[in-house]
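In case you want the letters, here they are:
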Amino acid sequence: MKPVLEVTNLHKSYAALKVLKGLNFNVAEKETFAIIGPNGAGKTTLFKVLTGEVPCNVGQIKFRGTDITHQQAFRRVHSGFGRTFQVARVFPSLTVAENVIVAVEARLRAENVRSGKWYHWRPAAEVRDEALHLVADLGLANEAEREARYLSHGDKKRLEFAIMLGGRPSILMLDEPTAGMSPTERVAITDLIRRIKSERGVTVLMTEHDMDVIFNLSDRLMVMNYGEILAVGSPKEVRANKTVRDVYLGQEMAHA
Ligand SMILES: Nc1ncnc2c1ncn2[C@@H]1O[C@H](COP(=O)(O)OP(=O)(O)OP(=O)(O)O)[C@@H](O)[C@H]1O
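Residues numbered from 1 in each chain as written. Predicted model: local features only at pLDDT ≥ 70, side-chain atom pairs only at ≥ 80, totals over all residues.

Remarks on the sheet that holds strand S3 (residues 32-36)
Where we set the bar: One bridge is not enough; two strands pair if DSSP finds at least two bridges between them. Working definition: helices are DSSP H or I runs of at least four residues, strands are E runs of at least two. Numbering for both runs from the N terminus. A fitted line through C-alpha atoms serves as each axis, taken over the contacting stretch for helices, and the angle formed by two N-to-C directions is quoted from 0 to 180°.
Across the sheet, six strands lie side by side as S6-S7-S8-S3-S9-S10; this open sheet has mixed pairing. The open sheet is flanked by strand S6 (81-84) and strand S10 (228-233), the only strands paired with a single partner. With direction set aside, neighbouring strand axes in the sheet form an average angle of 15°. Here S6 runs beside strand S7 (residues 171-175); their pairing, made up of four bridges, is parallel. In the strand pairing of S7, phenylalanine 81 is matched with isoleucine 171.

Remarks on the pairing of strand S1 (residues 5-14)
Bridging between S1 and strand S2 (residues 17-27) involves eight bridges; their strand directions are antiparallel. Among the inter-strand pairings, valine 7 is bridged to a residue of S2, identified as phenylalanine 25. In textbook terms, the turn of a hairpin is the stretch between consecutive antiparallel strands, and for S1 and S2 this stretch comprises two residues, one of which, alanine 15, has a positive phi near 50°. Looking at chain direction, S1 and strand S4 (residues 58-63) are connected through five bridges and run antiparallel. By the bridge assignment for S4, glutamate 6 is matched with lysine 62.

Quick notes on the nonpolar core
Under the convention used in this document: What makes a nonpolar core is a set of buried Ala, Val, Leu, Ile, Met, Phe, Trp, Tyr and Cys residues, with links drawn between C-beta atoms within 7 Å. Any residue whose C-beta has 12 or fewer other C-beta atoms within 10 Å is treated as exposed, any with 20 or more as buried, and any in between as partly exposed, C-beta atoms being built from the backbone. An automatic or database domain assignment supplies the residue ranges for each domain. Each residue gets a C-beta atom placed from its backbone, and two residues are in contact if those atoms lie within 7 Å.
Formed by 66 residues in total, the largest nonpolar core has its most connected members in Val100, Val135, Leu159, Ala162 and Val223. Ranked by residues supplied to this core, first place goes to helix H3 (residues 96-111) with seven residues. Summarising the domain contributions, this core has at least three residues from each of domain 1 (1-80 + 170-256) and domain 2 (85-168). Discounting chain neighbours no more than four positions away, the residues touching leucine 159 are Ala88, Val90, Val96, Asn99, Leu140, Ala148 and Leu151.

What to know about the environment of proline 38
As for its position among the elements, proline 38 is in the loop between S3 and helix H1 (43-51). Take proline 38: there are 14 C-beta atoms within 10 Å of it, and that puts it in the partly exposed class. Separated by 92 residues in the primary sequence, proline 38 and glutamate 130 have C-alpha atoms spaced 40 Å apart. In contact with proline 38, other than residues within four places in its own chain, are Asn225 and Tyr248.

Some remarks on the domain arrangement of the protein
Let me state the cut-off plainly: Ten residues, namely Ala, Val, Leu, Ile, Met, Phe, Trp, Tyr, Cys and Pro, are considered nonpolar, four, namely Asp, Glu, Lys and Arg, are considered charged, and the remaining ones, Gly among them, are considered polar.
When the domains of the protein are assigned, the result is domain 1 (1-80 + 170-256) and domain 2 (85-168). Residue-level contacts link 13 residues of domain 1 with nine residues of domain 2. The set of elements that each furnish at least two residues to the side of domain 1 that touches domain 2 consists of helix H2 (73-78), S7 and helix H6 (183-200). For the side of domain 1 that touches domain 2, the per-class residue count stands at eight nonpolar, two polar and three charged.

Section: the packing of helix H4 (residues 125-137) against helix H5 (residues 153-166)
Short version of the rule: Note that the term roughly parallel is reserved for angles under 35 degrees, roughly antiparallel for angles over 145, roughly perpendicular for angles of 65 to 115, and oblique for everything else. Left-handed describes a crossing in which the near helix is turned anticlockwise from the far one by less than a right angle; the clockwise case is right-handed.
Their axes nearest at 9 Å, the elements H4 and H5 cross at an angle of 140°. Viewed along their axes, H4 and H5 adopt a mutual orientation that is oblique. Handedness of the H4/H5 crossing: right-handed. For the pair formed by H4 and H5, the contact residues are Ala131, Leu134 and Val135 on the first element and Ala162, Leu165 and Gly166 on the second. Partitioning the contact of H4 with H5 into residue classes produces five nonpolar, one polar and no charged.

Okay, here's the thing in structure tokens:
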């Protein structure tokens, strides 16, 4: 089966600082692929290059066989990318339901299913139904009419997931989905990602610092250090990799 993502010779510099130094890797259909590494390794930069938020200097990114290296971020969303951020991005003064309605509307608009309805604030019933269904599915039914600014950290993350799913993505790009969460919230978000993946058959690409979350969810891991790839493999393979243990994971992996 063809890979979902094919990354070839990817370089990215900020002025004189070389942050990504010629990365080559593939992500397979329906796998959960985690990018790990110490602070400053270049994980977030790689994420931004893959999602189109910042351009690379050299290299190629293919998504389902199509070269998207120079494609703008919103076009990648329309072709199947879903994205969450380290700090959840939601519209704080809209309600939970409205946040998701906006996402569903945006998708439908992009699909040209509806035309010229965008400026009608009262959304069509089917849009609202789909949004409310997502809100309930993400465990936020009781919060549907609350302004997003009042949600807890964990619920904001759930809302961000609902917004993302409103775009019906085929690949989820999750940048540290459990950042800043309590252990209980981490377990809940880990379960949520697993459920979304199994119910929707999506591919997941994520960065994460929490080793429990990583070893729980990942099919394969890619370990980065100073903008290079140290190792790629199953959690078992990576755990057994001596270089990785020496350079990065030693203590953390022994307990994971
Ligand atoms: N916009 C920018 N301008 C200049 N340097 C940057 C910029 N963004 C990141 N860097 C630098 O690039 C390097 C890699 O940063 P990046 O955020 O990609 O690492 P990371 O692996 O995601 O780290 P963390 O785990 O701390 O999030 C760091 O040295 C950082 O200071």
